[in-house]
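Chain by chain, the residues:
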2 protein chains.
Amino acid sequence: MAGGSRTPGASVTSRVLAVLGAFDAAHPALTLSDIARRSGLPLATTHRLVAELVTGRALARAADGRYTIGVRLWEAGLLSPLHTRLREVALPYLQELYTTVRENVHLAVWDGDEALYVEKVTGHKSVPTISRTGGRLPLHATGVGKALLAYAPPEVVAAHLRRPLRRCTAYTVTEPGRLARELATVRERGWALTHEEMTLGSCSVAVPVRDADGVVVAAIGVVGHSLGANPQRLVPALRAAADGVAARLAEAAQSSIRPVQRRSA
Amino acid sequence: MAGGSRTPGASVTSRVLAVLGAFDAAHPALTLSDIARRSGLPLATTHRLVAELVTGRALARAADGRYTIGVRLWEAGLLSPLHTRLREVALPYLQELYTTVRENVHLAVWDGDEALYVEKVTGHKSVPTISRTGGRLPLHATGVGKALLAYAPPEVVAAHLRRPLRRCTAYTVTEPGRLARELATVRERGWALTHEEMTLGSCSVAVPVRDADGVVVAAIGVVGHSLGANPQRLVPALRAAADGVAARLAEAAQSSIRPVQRRSA
């Protein structure tokens, strides 16, 4: 991203983004040289940019000298429509759903060919999952992902199925024909199911969430240990949550911004 | 922030931060000229920076042509220790507390002389509040704020009380001597109380959360309509949540980063 540009401004903006992009869930705290290496920037440039970003509180310096994402960036991120227009609207419904099912509740959208987890409501009694708010998981191996895939335009799904599908467990469905048939079943019955396809021991059930125009913009899912025996028992509570969120999104559509950007697949 | 610097890089970094800083809770969607005006940058500079930030998905363009915070910035923000080290640790406890009390549950830290709300757990049955995740409210007028103030070092509290204290309602305690006495009471009994001091009709009860060294790094509060009659009934559930979070923070302190930066007052 860096260097070589004749417009210094453009170059610096992309360098700033490269510094921020050096952080991810597996690397939330980095030394200067980590940042330089991961962003591909010279150490001197990194040093200067990091100092400026710390001054602006976009980055912070931890007690051990490593750098983390700062308070101002956290605050700015929460102004994203994903948070303000989707998460905030959905939260009370996710909350009620959690109170009913006492299993991990997820809200996810399709973003860049993955399921992006916008919220996760969980308690002590829920099975640990690898999902996290702000995290990404494969569409084909998760309940919310399958719900999103099932209602995507056929050409988008076809393009997705042409890519190599990662095998996350021995039970992940990676054969495109089988997955396509499963997505047809999801559309018929209105809910998606996974059996240990992302994580051994975990099953999930998920339903789509529609916007004011009836387009599926998100999915709500429940992940637990023992949903396998009778997962459909969770469907009414999931549908109630999804319908509630959809109704609120339809109300919000009267305002000028669309609540959620449609998929960018 | 912008212009006048002899180091173009420094200038551009601060300009990028000025563009991001143009967005706030009251202004989550802005036109180019809004951004230029609010950031104090020339329109041409704003145009170029915004285009670069949209390319990097730090900003997004909504259907109505206005700009919002983008997905990548939302994802980056969630890597902040406030989220990963505090919110994620606290969420199951906040969740159980909400299930018990069915009123708004808040987790807040002291940041820049305000109570910064790190999480808000709420449902349909909770009274609407002006608090929001990522929002800021005055320390002296909120339950979580009073809990944070009560356990701050005396010189920090004294400095805070020397500043003008905003009167949010007719019941806000703004007289420094009276507030100081109230904070002493909070320390004695271990919990803070507000009666319609931030919003008419709402009361709150809050307790401090300590880190591994016993330092108060956060507060957990409950806000509801009718806590006034017997607010102390909520204290055991609040304490259980705060103790749970404290125990988890102590465990986390064995890792290399301190869970929460101490106050920067």
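Just so it is clear, the model here is predicted, and its values are computed rather than measured. (Residues numbered from 1 in each chain as written. Chains lettered and ligands numbered in written order. Predicted model: local features only at pLDDT ≥ 70, side-chain atom pairs only at ≥ 80, totals over all residues. Heavy atoms only, no water.)

### Brief notes about the sheet that holds strand β5 (residues 136-137) of chain B
Residues and elements named next belong to chain B.
Phase 1 of the analysis: If you walk across this open sheet you meet the six strands as β5-β4-β3-β8-β7-β6, and the pairing is antiparallel. At either margin of the open sheet sits one strand with a lone partner, and together these are β5 and β6 (192-195).
Phase 2 of the analysis: Sheet topology note: the strand β4 (residues 114-121)/β5 ladder contains two bridges and is antiparallel. Paired with Leu116 across the strands is Arg136, a residue of β5.
Phase 3 of the analysis: Its contacts with the sheet place helix α6 (residues 143-150) against β3 (104-111), β4, β6, β7 (203-210) and β8 (216-224), and it is angled at close to 150° to β8. (Pairing = 2+ DSSP bridges. Helix = DSSP H or I, 4+ residues; strand = E, 2+ residues; numbered from the N terminus. Contact = heavy atoms within 4.5 Å. Axes fitted to C-alpha atoms, helices over the stretch in contact; angles between N-to-C directions.)

### A look at the confidence of the model for chain A
Residue and element names in this part refer to chain A.
Phase 1 of the analysis: Per-residue confidence for chain A gives a mean pLDDT of 88; residues scoring 70 or more make up 89%.
Phase 2 of the analysis: Summarising per-element confidence for chain A, the mean pLDDT is lowest in helix α1 (residues 8-21) (82) and highest in strand β2 (residues 67-69) (98).
Phase 3 of the analysis: Segment residues 1-10 is flagged for pLDDT under 50; beyond a separation of four residues in sequence, or across chains, it makes 13 contacts in the model.
Phase 4 of the analysis: When the criterion is pLDDT under 50, residues 261-265 qualifies, and its contacts beyond four places in sequence or with other chains add up to 17 contacts. (pLDDT = per-residue confidence, 0-100.)

### Notes on the interface of chain B and chain A
Phase 1 of the analysis: Chain B puts 69 residues into the contact, and the matching count from chain A is 69 residues.
Phase 2 of the analysis: Surface buried jointly by chain B and chain A totals about 5,600 Å² across both partners, of which 62% is contributed by carbon and sulfur atoms.
Phase 3 of the analysis: In terms of surface lost to chain A, no three residues of chain B exceed Trp74(B), Leu79(B) and His124(B), which account for 13% of the buried area on that side.
Phase 4 of the analysis: Linking chain B with chain A are eight salt bridges.
Phase 5 of the analysis: When the shortest N-O distance is used, the salt bridge between Arg102(B) and Glu96(A) registers 3.9 Å.
Phase 6 of the analysis: When contributions to the side of chain B that touches chain A are tallied by element, the ones reaching two or more residues are α1 (8-21), α3 (43-55), β1 (59-61), β2 (67-69), α4 (71-77), α5 (81-101) and β4 of chain B.
Phase 7 of the analysis: Ranked by residues supplied to the side of chain B that touches chain A, first place goes to α5(B) with twelve residues.
Phase 8 of the analysis: The class makeup of the residues in the side of chain B that touches chain A is 32 nonpolar, 18 polar and 19 charged. (Buried area = accessible area lost by both parts, 1.4 Å probe. Salt bridge = Lys/Arg side-chain N within 4 Å of Asp/Glu carboxyl O. Nonpolar A, V, L, I, M, F, W, Y, C, P; charged D, E, K, R; others polar.)

### So, the packing of helix α6 (residues 143-150) of chain A against helix α8 (residues 176-189) of chain A
All names here are of chain A.
Phase 1 of the analysis: Where α6 contacts α8, the two axes come as close as 9 Å, and the packing angle between them is 85°. With respect to α8, the axis of α6 lies roughly perpendicular. Where α6 approaches α8, its residues Lys146, Leu149 and Ala150 are matched on the opposing element by Leu179, Glu182, Leu183, Val186 and Arg187.
Phase 2 of the analysis: Residues of the contact of α6 with α8, tallied by class, amount to five nonpolar, no polar and three charged. (Parallel < 35°, antiparallel > 145°, perpendicular 65-115°, else oblique.)

### A short note on the pattern of salt bridges
Phase 1 of the analysis: The final tally for this structure, using the stated rule, is 34 salt bridges over all chains.
Phase 2 of the analysis: Taking the shortest distance from any N to any O, the salt bridge between Arg66(A) and Asp64(A) comes out at 2.9 Å.
Phase 3 of the analysis: Here Glu88(B) ties to Arg87(B) by a salt bridge, and the two come within 2.6 Å at their closest N and O atoms.
Phase 4 of the analysis: Via salt bridges that share partners, Arg57(A), Arg72(A), Glu75(A), Asp111(B), Glu114(B) and Arg136(B) belong to a single interconnected network.

### Quick look at unusual backbone geometry
Residue and element names in this part refer to chain A.
Phase 1 of the analysis: Of note in this structure, Asp113 is not a glycine but carries a positive phi near 70°.
Phase 2 of the analysis: Inspection of the secondary structure assignment puts Asp113 in the loop between β3 (104-111) and β4 (114-121).
Phase 3 of the analysis: A relative accessible area of 15% places Asp113 in the buried class.
Phase 4 of the analysis: One non-glycine residue, Glu196, lies in the positive phi region at around 55°.
Phase 5 of the analysis: In this fold, Glu196 is placed in the loop between β6 (192-195) and β7 (203-210).
Phase 6 of the analysis: By relative accessible area, Glu196 is classed as partly exposed at 25%. (Buried < 20%, exposed > 50% of the residue type's maximum accessible area, 1.4 Å probe, protein only.)

### Focus: the side chain of Ser204(A)
Phase 1 of the analysis: Relative to the elements of secondary structure, Ser204(A) occurs in strand β7.
Phase 2 of the analysis: In terms of polar contacts, Ser204(A) uses its side chain to reach the backbone amide nitrogen of Gly143(A), at 3.2 Å. (Polar contact = N/O pair within 3.5 Å; in protein donor to acceptor, adjacent residues only side chain to side chain.)

### As for the packing of aromatic side chains
Phase 1 of the analysis: The full count for this structure, using the stated rule, is zero aromatic pairs over all chains.
Phase 2 of the analysis: Sitting above the plane of the Trp191(A) ring, Arg189(A) keeps its charged end 4.0 Å from the centroid. (Phe/Tyr/Trp six-rings, centres within 6.5 Å; stacked < 30°, edge-to-face > 60°. Lys NZ or Arg CZ within 6 Å of the ring centre and 35° of its normal.)

### Observations regarding the sheet that holds β4(A)
Residue and element names in this part refer to chain A.
Phase 1 of the analysis: Within the open sheet, the six strands sit side by side as β5-β4-β3-β8-β7-β6. Their pairing is antiparallel. With one partner strand each, in any of the chains shown, β5 (136-138) and β6 form the two edges of the open sheet. Pairwise comparison of adjacent strand axes, ignoring direction, gives a mean angle of 30° for this sheet.
Phase 2 of the analysis: Relative to β4, β3 runs antiparallel, the two being bridged by seven bridges. Among the inter-strand pairings, Ala108 is bridged to a residue of β4, identified as Tyr117.

### Some remarks on the packing of helix α2 (residues 32-39) of chain A against helix α3 (residues 43-55) of chain A
All names here are of chain A.
Phase 1 of the analysis: Axis separation between α2 and α3 bottoms out at 9 Å; the angle between their running directions is 115°. With respect to their mutual orientation, α2 and α3 come out roughly perpendicular. Handedness of the α2/α3 crossing: right-handed. Touching Leu32, Ser33, Ile35, Ala36 and Ser39 of α2 are Leu43, Thr46, His47 and Val50, all from α3.
Phase 2 of the analysis: Counted by class, the contact of α2 with α3 contains five nonpolar, four polar and no charged residues. (Left-handed = near helix turned anticlockwise from the far one by under 90°.)

### Regarding α6(A)
Residues and elements named next belong to chain A.
Phase 1 of the analysis: Counting buried positions along α6 gives eight out of eight residues, so the element sits mostly inside the fold.
Phase 2 of the analysis: When we look at burial in α6, the residues that qualify are Gly143, Val144, Gly145, Lys146, Ala147, Leu148, Leu149 and Ala150.
Phase 3 of the analysis: By the N-cap criterion, in which a side-chain oxygen at the helix start approaches the backbone nitrogen of a residue two or three places on, α6 is capped by Thr142, the distance to Gly145 being 3.1 Å.

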